[in-house]
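Remarks on the overall topology
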Amino acid sequence: VMRTRVLYDVAHMLGTTRRTAALKLGGVGVGVGLLPGVSSLCGVSCQGFASAAALNGGAAPVVAPVVVERAPQQCRSNAPSLWGGLGRAPFVERYSFAFTHVRESSSSSTVDAYKVGESTNIKWHEGSVSREAREQSMGQKGCVLWFTGLSGSGKSTVAYTLEHALHGMGKKVYVMDGDNIRHGLNSNLGFSAVDREENIRRIGEVAKLFADMGVITLVSFISPYRNDRDLVRSRMARDTDFVEVFMKIPIEICETRDPKGLYKAARAGKLKGFTGIDDPYEEPLNAEIVVEAKKEASDELEAPEAMASTILDYLSTKGYLSP
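Just so you know, these numbers come straight off a predicted model, no measurement behind them.

**A closer look at the nonpolar core**
- In this structure, Leu145, Phe147, Leu162, Leu218, Val245 and Ile311 are the most contacted members of the largest nonpolar core, which totals 35 residues.
- Per-element accounting of this core gives the leading share, 6 residues, to helix H10 (residues 304–317).
- Non-local contacts of Ile311, meaning those with residues more than four positions away in its chain, are made with Leu145, Phe147, Val158, Leu162, Val245, Ile289 and Val291.
- Membership of the second largest hydrophobic core comes to 13 residues, among which are Met176, Ala211, Val232 and Phe242.

Here it is as structure tokens:
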């Protein structure tokens, strides 16, 4: 589904249109054809469309799924040249439409696309701005700090404390909190093992995009299963992109905090499948950063600011705070 402006009804430019598709305008199916050469007039990302009324001698268009690029402002400014001096080209405004497959009428043509998972006929499009260029302009390196630990271990508290410190240094940083993400992107997921896996997969892919953008991304998810976290790590573009932060806080301390009353409900049998009680938490084996509740030889709990400072020192030492 796409919203765009579409050139249509170019009856005088019917010529040698090679491809056809189907366009749905306001619930009415309208045949359209792609005009060769229009993109060169309108700009790299522009495609014009002509009425299919006379395409192939008035024959019905070939319908089958394609991603069609939108027509930008350049297309509108160049439109008169496409209309042979007939004046301003008419545009279709504010229409939602869906394309399916586009079939080449030439038997010699091939489709330069492939399948990824359940998605077919797709292709990676490389941008003209490199990650290195983005990081240079931001003065930092993109990465994902993955905060994992039991509920009540202080993941989000430390993540937001660290975000505040980094923002104060002029760094581009963002926190992705587990509860916040379940308000939208993952609101259709529960807490079964399958849903937990999908929960982590989705946010892992989003975090990967943020890291590629050059943002220091702080992900605060319980993420109880080691394999799920390792899969996120494996999806990163660089080995250094994923920094696992293990909030190694004993469950006894987490229960005393219990900000949402979840441990109490789980202990009373009112909440099933709660991590740390009747569902396992698999500790990281080789986390880059381990944050503990207390300093060695001390009974005093570490403050969130001190924990965040430890992580900030790691980022600085490892070169994440410079391009």
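**Notes on the sheet that holds strand S12 (residues 242–248)**
- Ordered by their spatial adjacency, 5 strands build an open sheet running S10-S11-S9-S12-S13, and the pairing between neighbours is parallel. Each end of this open sheet is capped by a strand with a single partner; those strands are strand S10 (173–177) and strand S13 (289–292). This sheet shows a mean twist of 20 degrees between the axes of neighbouring strands, independent of strand direction.
- Its contacts with the sheet put helix H6 (residues 193–213) on strand S9 (143–148), S10 and strand S11 (216–220), and the angle it makes with S9 is roughly 145 degrees.
- The sheet contacts of helix H7 (residues 226–235) involve S9 and S12, and relative to S12 the element is tilted by about 155 degrees.

Here is what the cut-offs are and how they apply
Residues numbered from 1 in each chain as written. Predicted model: local features only at pLDDT ≥ 70, side-chain atom pairs only at ≥ 80, totals over all residues. Heavy atoms only, no water. Core = buried A, V, L, I, M, F, W, Y, C linked by side-chain atoms within 4.5 Å. Buried < 20%, exposed > 50% of the residue type's maximum accessible area, 1.4 Å probe, protein only. Helix = DSSP H or I, 4+ residues; strand = E, 2+ residues; numbered from the N terminus. Contact = heavy atoms within 4.5 Å. Pairing = 2+ DSSP bridges. Axes fitted to C-alpha atoms, helices over the stretch in contact; angles between N-to-C directions.

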